[in-house]
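Chain by chain, the residues run as shown.
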Amino acid sequence: MELESHHAQRGFQYTGPPGLEYLSELDQLLVQQQKEMLEIFTGWESQNKYKIVNTMGQLVYFATEDSDLCTRQCCGNLRGFNMPVIDTVGQEVMLFERPFSCTSAGCYCCYSCLQEMKIYAPRGQLIGSVHEHFDFCTPTYSVFDAMEQEVFKITGDTCAIACCGNDVNFMVLSSATGETVGRIQKQWTGMVREVFTDADNFSVTFPMELDVKMKGVLLGALFLIDFVHFERPNPFC
């Protein structure tokens, strides 16, 4: 079903990045990973693909991982990649860029080894970034705008693991006030799917009035959290 902008009907003058207009009308996005049958039966890691929909199930964007075969098989969830985000007419509206960073027991406290994601809209125009912080048990991230000013902190459930029918929550806190303003949630998808695949469902909520660029950055944070905490671990890196 084609999305229709109420802002456009009212003559709203949009000045943000092209393709992000519809985000101004949303306070939640749902992300559904599309699992390849070949990967399910062989364990051979394929490029991750996602549908991004609104709460009515209407398609908003597609996102597809762009990485090489060797990196996916050897580096697992630590792999670097680009992830173009495409709208319903096939136009790229954002790009998520994750560099390879080999987190291990020997270097986990080293800042250069922690995970990060850069978000561009359009390609080449940085709108923000997400950076992991070292913590032994509680997942912690900082969210920055294009000027490298911290806007949000994200803190996850202690030792975040999806199990026993429970969702896993990552709360989005305002860096200025400490107030909870949103949430990234990994949703339980059932025992069979959780055990035998790494295909995940997520949601991200944010204030309706939040700038569309920061909504896009929080969507990028969701994908970084998916790879760090819920993707198949790396066997060699």
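Our subject is the structure listed above.
The model shown is predicted, which means the values in this text are computed figures rather than measured ones.

Caption draft 1: Structural view of the nonpolar core. Among the nonpolar cores identified, the biggest contains 48 residues, and Ile 154, Ile 184 and Phe 223 are the most heavily contacted of them. Residue contributions to this core peak at 13 residues, all from helix H5 (residues 212–230). Apart from the residues lying within four places of it in its own chain, the contact partners of Ile 154 are Pro 139, Thr 140, Tyr 141, Val 143, Phe 170, Met 171, Val 172, Ile 184, Leu 218, Ala 221 and Ile 225.

Caption draft 2: Here's a closer look at H5. Compared with the 27 Å implied by 1.5 Å per residue over 19 residues, the 26 Å span of H5 between its first and last C-alpha is a close match. Within H5, 17 of the 19 residues are buried, leaving the element largely enclosed by the surrounding structure. The N-capping residue of H5, defined by a side-chain oxygen 2.7 Å from the backbone nitrogen of Lys 213, is Asp 211.

Caption draft 3: Expanded view of the sheet that holds strand E7 (residues 126–133). The antiparallel closed barrel is built from 12 strands, whose spatial order is E1-E2-E3-E4-E5-E6-E7-E8-E9-E10-E11-E12. Averaged over all pairs of adjacent strands, the angle between strand axes in this sheet comes to 20°, irrespective of strand direction. Two elements, strand E2 (residues 49–53) and strand E3 (residues 59–64), share 5 bridges in a ladder whose sense is antiparallel. Residue Val 53 lies in a different strand from E3, and its bridge partner there is Leu 59. In the packing of H5 onto the sheet, the strands contacted are strand E1 (28–34), E2, E3, strand E4 (81–87), strand E5 (92–98), strand E6 (116–120), E7, strand E8 (140–145), strand E9 (150–156), strand E10 (168–174), strand E11 (180–187) and strand E12 (201–205), and the crossing angle to E8 comes to about 150°.

Caption draft 4: Spatial organisation of the packing of aromatic side chains. With the rule as written, the count across this model stands at 5 aromatic pairs. Where Tyr 50 meets Phe 223, the ring centres are 4.7 Å apart and the plane angle is 80°; that geometry is what we call edge-to-face. In this pair, Tyr 50 is assigned in strand E2 and Phe 223 in helix H5, connecting sequence segments 173 residues apart. Residue classification places Phe 223 among the buried positions, given a relative accessible area of 0%. Taken together, a centroid distance of 5.5 Å and an interplanar angle of 40° make the contact between Phe 96 and Phe 223 tilted. Placement of Phe 96 in strand E5 and of Phe 223 in helix H5 is noted, with a sequence separation of 127 residues between them. Across the pair, exposure class does not vary: Phe 96 and Phe 223 are buried alike. Over the aromatic face of Phe 230 sits the side chain of Lys 186, whose NZ or CZ is 5.8 Å from the ring centroid.

Cut-offs applied
- Residues numbered from 1 in each chain as written.
- Predicted model: local features only at pLDDT ≥ 70, side-chain atom pairs only at ≥ 80, totals over all residues.
- Heavy atoms only, no water.
- Core = buried A, V, L, I, M, F, W, Y, C linked by side-chain atoms within 4.5 Å.
- Buried < 20%, exposed > 50% of the residue type's maximum accessible area, 1.4 Å probe, protein only.
- Helix = DSSP H or I, 4+ residues; strand = E, 2+ residues; numbered from the N terminus.
- Contact = heavy atoms within 4.5 Å.
- Expected span 1.5 Å × (residues − 1).
- Polar contact = N/O pair within 3.5 Å; in protein donor to acceptor, adjacent residues only side chain to side chain.
- Pairing = 2+ DSSP bridges.
- Axes fitted to C-alpha atoms, helices over the stretch in contact; angles between N-to-C directions.
- Phe/Tyr/Trp six-rings, centres within 6.5 Å; stacked < 30°, edge-to-face > 60°.
- Lys NZ or Arg CZ within 6 Å of the ring centre and 35° of its normal.

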